[in-house]
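# Working through the structure, step by step
This is what each chain is made of:
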Amino acid sequence: MDSLLIKGGVPLHGEVTISGAKNAVLPIMAATLLTSEPCVIHRVPNLSDVKFMGRILESLGARVSFEDGTVRVQVRKLRGVGAYNLIRKMRGSVCIMGPLLGRLKEATVSLPGGCIIGARPINLHLKGFAALGAKVTIESGYVRVSARRLRGREMFLGGRAGSTVLGTANVMMAATLAEGVTIIESAACEPEVVDLANFLNAMGAKITGVGSPTVTVTGVKELHGAEHEVIPDRIEAATYAIAAAATNGEVTILGARADHMHAVLDKLHEAGVKVERRGSALTVRRGGRLKSVDVTTLPYAGFPTDVQAQMMTLMALTPGISIITERIFESRFMHVSELARLGADIEIEGPSAIVKGGRPLSGAPVMASDLRASAALVIAGLAARGTTQVNRVYHLDRGYENIDCKLRRLGARIERVKES
Ligand code: EPU
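Residues numbered from 1 in each chain as written. Predicted model: local features only at pLDDT ≥ 70, side-chain atom pairs only at ≥ 80, totals over all residues. Heavy atoms only, no water.

### A few points about the site of the ligand
- Surveying the vicinity of the ligand reveals 23 residues, the closest of which are N123, L124, T164, D306 and I328.
- A distance of 2.8 Å separates an oxygen atom of the ligand from a polar side-chain atom of R372.
- When the ligand sits alone it has 830 Å² of accessible area, and the protein chains cover 93% of it.
- Listing elements by their share of the shell around the ligand, those giving two or more residues are α1 (22–31), α5 (123–131), α6 (165–176) and α12 (371–383).
- At 3 residues, α5 tops the list of elements feeding residues into the shell around the ligand. (Near = heavy atom within 4 Å. Polar contact = N/O pair within 3.5 Å; in protein donor to acceptor, adjacent residues only side chain to side chain. Areas by Shrake-Rupley, 256 points an atom, 1.4 Å probe, with all protein chains shown as cover. Helix = DSSP H or I, 4+ residues; strand = E, 2+ residues; numbered from the N terminus.)

Right under this line is the structure:
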């Protein structure tokens with residue numbers, strides 16, 4: 001397994017261009033299953049999760065090509081059974097269910113398990129499919145949804161932690177080919193859901209209200225091929241912004257959508273980080289001494305859970321006490337014990353982490369546990385004195401395109417060490 005070797009203490013300087021959003025492109029690739037015509041998707045990041053989704057689509061009968069940031073997919077003949085071994089490896093692949101149900105009126109996929117950040121049930125996805133008239137059965141590790149016909153209905157998809165991103169995406173996709181009108185209440189408002197709806201509408205779907213908690217889908221008979229450019233990755237942009245502040249550097253982030261990042265930019269401002277906006281360019285630097293701030297993760301437009309770990313690193317470097325509360329996933333604090341190896345003083349109390357910031361961090365070997373925890377450890381390594389080795393880089397390769405190259409261009413001393 002590859003690792004990253006980081007010699008810390010160098011402020012980041014320069015420009016970095018943001019890639020397409022992983023969490024938008026995965027459901028958009030799944031949506032291509034809804035038509036037999038060719039689809040073309042641009043600004044697709046070169047990530048292991050994207051390649052993996054390509055393999056899943058191929059296993060369902062698709063022809064997939066990926067070149068220079070463009071994915072082409074055509075699914076003339078669609079199979080309704082997702083291969084157990086592929087699907088169980090990537091939780092995001094659960095979003096093939098909606099398109100399979102929409103086009104074939106049946107889907108059989110392996111039940112995605114929990115993961116390191118929490119239990120991750122799919123009860124709300126299944127509730128939505130059932131509301132459309134599908135029968136749901138679970139047997140031998142597979143979940144099967146099937147219907148003679150899908151009928152639009154009003155439904156409530158809110159859950160324990162608020163809305164569900166992939167649940168909304170899944171039900172919205174199935175509903176595009178249902179008869180009549182589907183109204184999803186407590187729908188996820190994330191920009192990635194809006195991007196998916198824009199793609200579906202370009203395919204001929206009739207979806208309104210996206211970006212609000214009430215989404216209306218008027219079913220159509222069939223969808224056609226479409227071409228689409230994926231939105232920039234707001235989580236990647238936030239990660240580089242925090243890295244700039246953590247290393248006391250100055251970084252201009254190109255191609256970002258600041259309008260998707262209000263909660264993060266507002267928190268950074270409160271923490272004393274200066275962000276100047278010029279169109280789609282954001283220049284980030286410290287505006288003086290950093291201040292500790294409290295953070296609570298929430299569904300969009302709240303502070304994203306996918307930036308919680310990175311923000312915790314920044315707070316570990318900031319004198320004062322910061323309380324970081326995780327409201328979306330129950331065990332998304334795996335980075336805490338690894339940050340402690342670098343000298344951070346963080347205590348977990350229920351859903352909150354109490355960060356006593358300002359202690360100098362010093363490099364150490366650390367273990368990445370999930371994608372965003374890994375990003376937090378990389379930022380900590382960049383800011384720490386000495387050398388940090390971040391093991392299990394495959395987590396980062398799932399969601400950050402060329403992270404080591406992008407950071408090197410910003411002046412970081414970071415090397416990928418291949419396992420011999
Ligand atoms: N939930 C349920 N029942 C469901 C579905 C979700 O109780 O049927 C709960 C979850 O357990 C969690 C909360 O609802 O407590 C929110 O989960 P959600 O369904 O919104 O998460 P997701 O759609 O599975 C996507 C992203 C995650 C991101 C979350 C929250 C993709 C591929 N994944 O997951 O991204 O953290 O939304 O914004 O889009 C990441 O990129 O590192 C990542 C984990």
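### Examining the environment of M311
- Topologically, M311 is positioned in helix α10 (residues 308–316).
- M311 gets classed as buried once you look at its relative accessible area, which sits at 0%. (Buried < 20%, exposed > 50% of the residue type's maximum accessible area, 1.4 Å probe, protein only.)

### Thoughts on the sheet that holds strand β16 (residues 281–286)
- With mixed pairing, the 4 strands of this open sheet are ordered in space as β2-β14-β16-β15. With one partner strand each, in any of the chains shown, β2 (13–17) and β15 (273–278) form the two edges of the open sheet. Taken pair by pair, the neighbouring strands of this sheet meet at an average axis angle of 20 degrees, ignoring direction.
- Here β2 runs beside strand β14 (residues 250–254); their pairing, made up of 5 bridges, is parallel. Counterpart to G14 in the pairing with β14 is V251. (Pairing = 2+ DSSP bridges. Axes fitted to C-alpha atoms, helices over the stretch in contact; angles between N-to-C directions.)

These figures come from the coordinates and say nothing about function on their own.
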